[in-house]
Amino acid sequence: MTEALERYFVPEPSKFPIFGSVALLLFGTGAALWVNHVPAGPWVFFAGIAILIYMLFGWFGTVVRESESGKYGHQVDTAFRWSMGWFIFSEVMFFAAFFGALFYVRVLAVPALSSGDNLSLLWQGYNGAWPNAGPNAAENFTPMGAWGIPAINTLILLSSGATLTWAHYGLLKGNRGQLKLGLLVTILLGAVFLALQAYEYIHAYAELNLRLDTGIYGSTFFMLTGFHGMHVTVGAIMLTVMLARAMAGHFTPDSHFGFEAAAWYWHFVDVVWLFLFVVVYWL
Amino acid sequence: MAAVTPEQLHGHPHPPAGLMRWVTTTNHKDIGTMYLLFSFVMFLSGGVMALTIRSELFQPGLQIVQPEFFNQLTTMHGLVMVFGAIMPAFVGFANWMIPLMIGASDMAFARMNNWSFWLLPPAAILLLGSFFVPGGATAAGWTLYAPLSVQMGMGMDMAIFAIHIMGLSSIMGAINIIVTVLNMRAPGMTLMKMPLFCWTWLITAYLLIAVMPVLAGAVTMILTDRHFGTSFFNAAGGGDPVMYQHIFWFFGHPEVYIMILPAFGIVSQIIPTFARKPLFGYASMVYATASIAILSFMVWAHHMFSTGMPVVGQLYFMYATMLIAVPTGVKVFNWVATMWRGALSFETPMLWATGFIFVFTIGGFTGLICAIAPIDIQIHDTYYVVAHFHYVLVAGSLFALFAGAYFWLPKWTGRMPDERLGKLHFWSSMVFFNITFFPMHFLGLAGMPRRIPDYALQFADFNALATVGAFGFGLSQLIFIAVVVKSMRAGERAAAKPWEGAEGLEWTVPSPAPHHTFEHPPVVA
Amino acid sequence: MSHAVRIAAAAPALTLALPQRVMADVGPSRFNLQPPVTEIAAHIYDMHTLMLLLCLLIFIGVFGVMFWAVIHHRKSRGATAAHFHENTAVEIAWTVAPVLILLGMAWPATRTVIAMKDTSEADITVKVTGYQWKWGYDYLQGEGEGIRFLSALSTPRDQIEGKAPKGENYLVEVDNPMVVPAGKKIRVITTANDVIHAWWVPAFGAKQDAIPGFIRDTWFRTDKEGVYRGSCAELCGREHAFMPIEVHVVSAEAYTAWVAKQRAGAAALSADDSREWALAELVARGQKVFAANCQACHQENGKGLPPAFPPLDGSALVLGDKNGQIDVVLHGRPGTAMAAFGPQLSDADLAAVITYTRNSWSNATGEAVQPADIKAGRKG
Ligand code: HEA
Ligand code: HEA
Ligand code: CUA
Ligand SMILES: [Cu+2]
């Protein structure tokens, strides 16, 4: 036992990374072709996605097997914790770029365009009050209000954080029923969130005249909420995998980092939403 | 634990042979080797582009390439050198050396490590392949400023996706390095006992994690501005082209320190070895490195003085930038103090390291001159800036890479690099480097803009000189190939510790380092 | 080789680079900043000299020590290594000393930054617009108000392609220079039509990015009459190297005379815009406009350089309804290199060039587009 844990686990050669690389090559090429309207684009793109999914299944499957067969000692567990933490930090910085853009246009760019020489020489008559789609905005749009669906969604995500923590307590206490139920409810809340978000998008396009190309408001609104929605999707998939693992009898009260990683991710997505709610919808 | 059998613990199942060994490997030494090879190939490709640029600039007038293609070459030269050559080369060093230096059996995530490397060839294919698509490669400069980058053809999209993939690779690589350094040090190896190279890489890895996602965000916004009607960088829609520059340089300035901090680390290993004297001011070196990293997040707009910032903005960014001279100065002084009253000898690695300090400092000084906002308004976007950054990137990062390569080649190949060839490589690089890039200071001061395929007549002489130098410099690099090939086949066998004054765990394992090292962590006193 | 000879001959001048400012008038500068003619440029020049000297001193100090060690503390000379590896006093000293030096550098720089930014109380305000790839000048306020013109490279293509010997002002000469009076504060406000450019005249110490959709400004005042040359200093696409700036600083009288001449020219132009033209007349004028504005992309033979620059010869748009083509030429194609020419060219020029494209190469619509059509298109 001590002998086993003294040595750090180094995996054997693996074929999965190269699949991942080929997948991303196809993904990148396909996307570049697609956005330039080359007919082969989507095919190449989805081929890449398919290989990526294969790779993710294979790779994570291997990791789960290694973990369950007890190959990871305490040190590997610490390594996973560090890495998940810093990975989430890198995601924070990705969102920071878009939040930064929103902040910049609201505080600097739009006020600058609607005042001083910019106003008198280039954009006469431009009113820079936020929400704003820029001086060339052809038609009016209605911004997304905060207190309808977005407020409900905030509640949903917050309660999903709570149910997830409840599930975690279940796991720690050895109450696997509570674990599974908590996970299931969390995933369902996530799904409802996504459904409401989809409804909101349809509503924006159909009734509010609010689109991705509705000037800077549309750009920041859809890019921020869209990337957030993608992250909710990824988080929900991670939780689903955890649910499946819980059903298969994985995790023990003192070794369940897979679960914790997914939970950290979920909380991160939660926090991003709170910021979104405040600066995108509310203020 | 019943599932773990003794052979799983001690025996290593035979890895696949041939090509598949390299494709599937989880060994940090294999992966390090691949990184180094890849980066050298990219260096040659970027170098060929540089030589084409220099050939066009040999004389006034358009001779060899058309302006559009010239701009593509400039852009791709910058991108390939930065993302393809310099950054991966340092990651290669990290892979090879960090586990050996801290007494770890491998990197923390060996499989992910493989993926980090194998993401680079696809990125390179996308980037270099973009030359061959309709409209050619992106020609918006390596900084990809909007809205020019919004005008480009499909090559731009390929570059964007290449950057996404390289960013992913860098982030995973950085996480791996952080976790390895923090979690896998041998017992007794406290952080403040760690070799300085590990320290500089630890800090660099934090920089990478913090800024690569921001770059990904920036190019994503370009992508959506190009194809999906967003207005991030379009004033008519309420956006701002200058916002792109802020986001880009929030990445870009830390990026240049990403390319120099590991170089500082390498030099800090070499100078004490050949001075036979401990590094002067170890602790202050660590603090200086951290200070440079922190400051690097607060100075980005010194690349944007001519965009017309408000006075306070200009002053703040000027002062903050100037401050970086202080911790960098501490490093230079510490190196000199390490050499002072040592017992110096100048084997090839030491020559490169000493040369590094000398020429890098020139680049640092010109950087400081750029930092003075009013002066920068004169020299921004001229060859003065080109001179500045080649002094810090070529004479800085690249020279340090060569220093490190000569230093650790015995550990990698088991044979000593050829001293005569190595010295020839150094001296001809040093001379031709200065012939190429020193005249660019004059060109810039006198008013030659950068990124132009043709220029006014008063710039002709120095351009001709720079071109001659560039060809000399390029040819000198072929010597390095000869050295490496020779030290793989022939040449004197290296002892475990081939350099008399060397210290550190990497010198306790045989040369060449066996495939698996430190499977049981050594204990450091 | 003549280059080598010239460089060798120039070597002594290198050591004289600092006093060069005194011998300001001897042609374009080669080693140092161009001879300054404004107060700001002079500040910059002196500050650069100061910085250079300070850096040189530090450099000599640091590397004096290093090379002393390199020479004297060699193992081969029997040196044995000392063992010291830290010294708090020294380390603090070499942290504080640079801070002090930097403060000394920051002081003059701060004053200059503040002075550079003071664009108030200008005598004349000129709006400079960057286009791919020429400059538009628009005198907004002060003597000459209302004058506007475009300014493009005047070096013939043959010189660039090596088919003719290169002239003295190769690549730094334009067809319509900016003209300003000496001794007056000129405020230059910059903007751009397509991508970012930068308006830069080194002798004035003025460089300001021209950002599409935004106004930025800078200023200069010089007492020294003469011709000052600069270039676009921000990568702006294919012809970035070929959009120079030429400023003529003239006496007050000469400036007044220039203003009068421009006014007369403008009157003739507006007459052009309001009359009917014959087809042949339009085609002849259009050919010149095409050569100056369109040819770089769409090529002399109208075949373009697909896919970036589509052909006009046989183009469906050119052969189709004239209003479609007028719209594209006036407003450009966003996201492509096709610029909006509406703000750049007069109605008569636009009518002429459109007529030219519709009646050249294999295109033969026989249709004349009149300035009145353009005027209508501008409204629509
Ligand atoms: C390895 C890369 C690297 C490094 C280390 C640096 C280091 C520095 N750089 Fe540089 N820089 C680049 C890469 C790098 N740079 C690149 C690639 C660009 C151009 C990008 C583009 O536009 O394409 C650029 C451009 C650039 C600009 C913008 C110029 C312009 O476009 O107009 C500026 C302006 O402030 C600048 C400043 C500095 C400063 C102050 C440092 C400092 O860190 C230097 C500090 C070092 C010293 C000062 C020397 C040692 C110190 C002493 C001996 C102590 C005593 C000294 C004094 C008190 C003076 N750099
Ligand atoms: C990161 C590192 C890096 C490195 C190592 C280099 C290396 C070199 N660079 Fe640099 N360069 C940049 C980064 C780098 N560069 C960046 C970021 C830009 C800005 C781009 C932009 O504006 O967007 C730039 C821009 C730039 C310009 C300005 C272009 C312009 O503004 O239009 C020039 C011009 O001379 C130049 C020259 C060179 C030369 C001669 C080398 C040499 O050191 C190269 C030497 C190597 C070789 C030559 C290859 C090896 C040899 C062979 C393959 C054998 C064949 C050789 C012969 C037959 C002689 N580079
Ligand atoms: Cu306009 Cu460069
Ligand atoms: Cu910088």
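Residues numbered from 1 in each chain as written. Chains lettered and ligands numbered in written order. Predicted model: local features only at pLDDT ≥ 70, side-chain atom pairs only at ≥ 80, totals over all residues. Heavy atoms only, no water.

## Some thoughts on the overall build of chain C
Of regular secondary structure, chain C possesses eleven helices and ten strands. Here the C-alpha atoms of chain C give a radius of gyration of 28 Å, more than 25% beyond the 21 Å that 2.2 N^0.38 yields for 380 residues. C-alpha extents for chain C along the principal axes are approximately 95 × 50 × 45 Å. The buried share among the 380 residues of chain C stands at 51%. In chain C, of all internal contacts separated by at least 6 residues, the share reaching a separation of at least 24 is 62%. Of the accessible surface of chain C, which amounts to about 16900 Å², a share of 61% is contributed by carbon and sulfur atoms. (Helix = DSSP H or I, 4+ residues; strand = E, 2+ residues; numbered from the N terminus. Rg over C-alpha atoms; globule rule 2.2 N^0.38 Å. Buried < 20%, exposed > 50% of the residue type's maximum accessible area, 1.4 Å probe, protein only. Contact = heavy atoms within 4.5 Å. Areas by Shrake-Rupley, 256 points an atom, 1.4 Å probe, with all protein chains shown as cover.)

## Remarks on the coordination of the iron atom of ligand 2
Tetrahedral coordination by four donors puts the ideal angle at the metal at 109.5 degrees, and octahedral coordination by six puts it at 90 or 180 degrees. All names here are of chain B. Binding of the iron atom of ligand 2 to the protein goes through His77 (NE2) and His390 (NE2), at separations of 2.0 Å. Taken together, the six donor atoms coordinating the iron atom of ligand 2 span angles of 87 to 179 degrees at the metal, a pattern that classifies the geometry as octahedral. Separated by 313 residues along the polypeptide, His77 in helix α4 (residues 67-102) and His390 in helix α17 (residues 383-413) bring together distant segments of the chain. An identical accessibility class is assigned to His77 and His390; each is buried. (Donors = N, O, S within 2.8 Å, 3.2 Å for Na, K, Ca; no water. Tetrahedral: all angles 85-135°; square planar, octahedral: opposite > 155°, others 65-115°.)

## Some thoughts on the pattern of salt bridges
Going through the model one piece at a time under the given rule, you end up with 28 salt bridges over all chains. Of the charged contacts in the structure, one is a salt bridge between Arg21 of chain B and Asp30 of chain B, with a shortest N-O distance of 2.7 Å. For Arg21 of chain B, a relative accessible area of 28% gives the class partly exposed. Several salt bridges share partner residues, and in doing so they unite Arg157, Glu161, Lys163, Arg238 and Glu239 of chain C into one network. (Salt bridge = Lys/Arg side-chain N within 4 Å of Asp/Glu carboxyl O.)

## Quick word on the UniProt feature "domain: Cytochrome oxidase subunit II copper A binding" (unreviewed entry) in chain C
The UniProt entry lists residues 121-261 of chain C under the feature "domain: Cytochrome oxidase subunit II copper A binding" (unreviewed entry), expressed in the numbering used here. The span residues 121-261 of chain C is 10% helix and 42% strand, and its two end C-alpha atoms sit 27 Å from each other. (UniProt positions renumbered as here; feature names shortened; annotations may be inferred.)

## Comments concerning the domain arrangement of chain C
Residues and elements named next belong to chain C. Assigned domains of chain C: these are domain 1 (39-116), domain 2 (121-268) and domain 3 (275-379). Computed over C-alpha atoms only, the centres of domain 1 and domain 2 are separated by 41 Å. Across the boundary between the two partners, domain 1 contributes five residues, which contact five residues of domain 2. Surface buried jointly by domain 1 and domain 2 totals about 370 Å² across both partners, of which 51% is contributed by carbon and sulfur atoms. The interface formed by domain 1 and domain 2 holds zero salt bridges in total. Elements supplying a minimum of two residues to the side of domain 1 that touches domain 2: α2 (39-72) and α3 (88-116). Within the side of domain 1 that touches domain 2, the residues separate by chemical class into five nonpolar, no polar and no charged. (Domains from an automatic or database assignment. Buried area = accessible area lost by both parts, 1.4 Å probe. Nonpolar A, V, L, I, M, F, W, Y, C, P; charged D, E, K, R; others polar.)

## Concerning the environment of Val286 of chain B
Residues and elements named next belong to chain B. Structurally, the position occupied by Val286 is in helix α12 (residues 282-296). Residue classification places Val286 among the buried residues on the basis of a relative accessible area of 4%. A sequence separation of 256 residues divides Val286 from Asp30, and the C-alpha atoms of the two residues are 29 Å apart.

## Quick word on unusual backbone geometry
Residue and element names in this part refer to chain B. Cis peptide bonds are those with omega within 30 degrees of zero, and the linkage from Ala146 to Pro147 qualifies with 0 degrees. Within the fold, Pro147 resides in the loop between α6 (120-129) and α7 (148-151). With omega at -10 degrees, the peptide bond leading from Ser511 into Pro512 counts as cis. By the element assignment, Pro512 lies in the segment after α19 (460-489). One non-glycine residue with positive phi stands out, namely Leu144, at about 50 degrees. The topology assignment puts Leu144 in the loop between α6 and α7. Judged by its relative accessible area of 1%, Leu144 falls in the buried class. Backbone geometry places Arg451, a non-glycine residue, at a positive phi of 60 degrees. With respect to the secondary-structure elements, Arg451 resides in the loop between α18 (419-446) and α19.

## Observations concerning the nonpolar core
Among the nonpolar cores identified, the biggest contains 384 residues, and Phe356 of chain B together with Met178 and Trp199 of chain C are the most heavily contacted of them. Core analysis: the next-biggest nonpolar cluster, separate from the first, contains 24 residues, Leu312, Val318, Ile354 and Val369 of chain C among them. (Core = buried A, V, L, I, M, F, W, Y, C linked by side-chain atoms within 4.5 Å.)

## Side note on the site of ligand 1
All names here are of chain B. Contacts to ligand 1 come from 32 residues, most closely from Trp142, Tyr257, Asp376, His380 and His388. Side-chain polar atom of Asp376 to an oxygen atom of ligand 1: 2.5 Å apart, as the coordinates give it. Measuring from an oxygen atom of ligand 1, one finds a side-chain N or O atom of Arg450 at 2.8 Å. Residue assignment for the shell around ligand 1 shows that the elements contributing at least two residues are α10 (241-258), α14 (325-339), α15 (348-371) and α17. (Near = heavy atom within 4 Å. Polar contact = N/O pair within 3.5 Å; in protein donor to acceptor, adjacent residues only side chain to side chain.)

## A short note on the site of ligand 2
Residue and element names in this part refer to chain B. As a structural note, the neighbourhood of ligand 2 is formed by 34 residues, with Arg54, His77, Trp142, His390 and Arg451 the closest of them. Thr74 is positioned such that a nitrogen or oxygen atom in its side chain is 3.0 Å from an oxygen atom of ligand 2. A distance of 3.0 Å separates an oxygen atom of ligand 2 from a polar atom in the side chain of Arg450. For the shell around ligand 2, the secondary-structure elements that each account for two or more residues are α3 (28-56), α4, α17, α18 and α19. With eight residues, α3 is the largest single contributor of residues to the shell around ligand 2. Residue composition of the shell around ligand 2, by class: 24 nonpolar, seven polar and three charged.

## Considerations on the pairing of strand β8 (residues 216-220) of chain C
All names here are of chain C. With four of five residues buried, β8 is to be regarded as a mostly interior element. Looking at chain direction, strand β5 (residues 186-192) and β8 are connected through five bridges and run antiparallel. In the sheet register, Thr190 faces β8, and the bridge partner there is Arg216. (Pairing = 2+ DSSP bridges.)

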